[in-house]
Amino acid sequence: MLRRTLTLASLLVLIACDKKEAAPTSAGAAQAANSAAASVAVPAKDAPASAPAPVAGSSVALAHLPSSCDTIARIDLAKVLAVPAVKSQVAPALEDMKKAAPTSESDKNFRAFIADAGIDPLTDIKEIAFCAKGFGPTGMGQGASNEFTMVLGGNFKPGAVVPALEKNGKKDALVIEELGGNKVAVAKDGSTVIGQAADGAVVIAGDKASLETALKGGGDGSKLGLPTDAAIAFVMPAEAMKKAMASPGTPFGAQAAKAGRALLTIDLAKPSLQVRIGMTDDAAATELAGALKLILGQMTSQPVPPGDPSAGLVAMAKYAKISSASGETLVDIAIPAAQIDELGKQLAEVIRGGGPAAQAK
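Heads up: these notes are all about the structure in this document. (Residues numbered from 1 in each chain as written. Predicted model: local features only at pLDDT ≥ 70, side-chain atom pairs only at ≥ 80, totals over all residues. Heavy atoms only, no water.)

A tally of regular secondary structure across the chain gives 12 helices and 12 strands. Expressed as a percentage of the 361 residues in the chain, the buried residues total 50%. Carbon and sulfur atoms form 57% of the exposed surface of the chain, whose accessible area is close to 15500 Å². (Helix = DSSP H or I, 4+ residues; strand = E, 2+ residues; numbered from the N terminus. Buried < 20%, exposed > 50% of the residue type's maximum accessible area, 1.4 Å probe, protein only. Areas by Shrake-Rupley, 256 points an atom, 1.4 Å probe, with all protein chains shown as cover.)

What follows deals with the packing of aromatic side chains. All chains considered together, the criterion is met by two aromatic pairs. Here Phe110 and Phe113 contribute two aromatic rings whose centre-to-centre distance is 6.3 Å and whose plane-to-plane angle is 50°, an arrangement assigned as tilted. Taken as a pair, Phe110 and Phe113 lie in helix H5 (residues 105-117) at a separation of three residues, close to a single helical turn. Judged on exposure class, the residue Phe110 and its partner Phe113 are both buried. (Phe/Tyr/Trp six-rings, centres within 6.5 Å; stacked < 30°, edge-to-face > 60°.)

Here we come to the pattern of salt bridges. Two side chains with opposite charge may pair up if their charged atoms get near one another. Taken as a whole and judged by the stated rule, the model has nine salt bridges. A salt bridge links Glu127 to Arg74; the nearest nitrogen and oxygen atoms lie 2.6 Å apart. On the criterion of sequence distance, the pair formed by Glu127 in strand E2 (residues 125-132) and Arg74 in strand E1 (residues 71-76) is long-range, its members being 53 residues apart. Residue Glu127 shares its accessibility class with Arg74, and that shared class is buried. (Salt bridge = Lys/Arg side-chain N within 4 Å of Asp/Glu carboxyl O.)

Of all hydrophobic cores here, the largest spans 69 residues; its most connected members are Val86, Phe113, Leu152 and Ile277. Counting residues in each nonpolar core, the second largest holds 25 residues, with Val151, Leu211, Leu215 and Leu226 among its members. (Core = buried A, V, L, I, M, F, W, Y, C linked by side-chain atoms within 4.5 Å.)

Next up on the list: the sheet that holds strand E4 (residues 174-179). Read across the open sheet, the 12 strands follow the order E4-E5-E6-E7-E3-E2-E1-E8-E9-E10-E12-E11; overall the sheet is antiparallel. Two strands in the sheet have a free side with no partner beyond their single neighbour: E4 and strand E11 (321-325). Taking the axes of each pair of neighbouring strands and ignoring which way they run, one obtains an average angle of 15° across the sheet. Bridge count between strand E6 (residues 193-196) and strand E7 (residues 202-205): four bridges; the pairing is antiparallel. Counted as the bridge partner of Ile194 is Ile204 from E7. Of the strands in this sheet, E4, strand E5 (182-187), E6 and E7 are in contact with helix H6 (residues 161-168), which crosses E5 at around 45°. Together, strand E3 (148-154), E4, E5, E6 and E7 form the strand contacts of helix H7 (residues 208-216), whose direction differs from that of E6 by roughly 10°. (Pairing = 2+ DSSP bridges. Axes fitted to C-alpha atoms, helices over the stretch in contact; angles between N-to-C directions. Contact = heavy atoms within 4.5 Å.)

In structure tokens form, the structure reads like this:
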């Protein structure tokens, strides 16, 4: 049940993921976020941005994340699900899943969980925010700490999620405990803890300390300048970016010392992807742009095996526009409409294939 809860969040944001891949485990989620930032070489100059004001009856995910994150990401599910290519396929698939009889005991339990929690996956989950911390001795995701926090913001009934987990979860997989006056669900292996904040936000964390901090709210994650007007946004602060670029095996060691904050945004309305990497000066930005052009050129010149899930990304990278201006390295990539169409198809197929319960087995 714990993993199915994580999968519920993951299934709604399968951007460029192969439909056959399993949802990430709690430790894997933190590692994946860190590795993604390093491999894409994704921030721009620090500029504060405020989280949106809460709407009555809703929760704001960023309000629960600290600014001490090595990576922070936000996915606006309302924008993702509003894309015609996604909406036209995902909405019918979810409706079909609701009407269909459960295909297994796990499926039955999962449906009972979301019913008892009062969650409609199509309308209630508005956004997902993610924070990961920690660098290992050989870089991000290599022996790093398991400090991560995922927050689901939207319209949730306060105090309903953990009791629903307690009622419908596997008794040998989790225990219910008290943490700072809140009832929380803890995986018996200690890898994941789940709780619900007073405003209804659902919090999934890798340890109790991270969960307790998030449940208290008043987080200052918005100070990292994560834009809230993009469908998907990903930020890595300057110090974290320097460490990521300097990690063994990365091709950006020569530019690492001059790196600043990195920002990746995805606009699904255009659709397009932009990466902005702040550097100490124009010369450093130009040097990094040259290195990126060389590396992307080498990467896209290699044949991609049939069925490789990275094929779509490689194809888009071929037409990336790399430039530098005002001390920033810029990467602009147009996302083909076919890629967005494929996103909708993959989400619909996952849902029709049994939904979160089936994918999490």
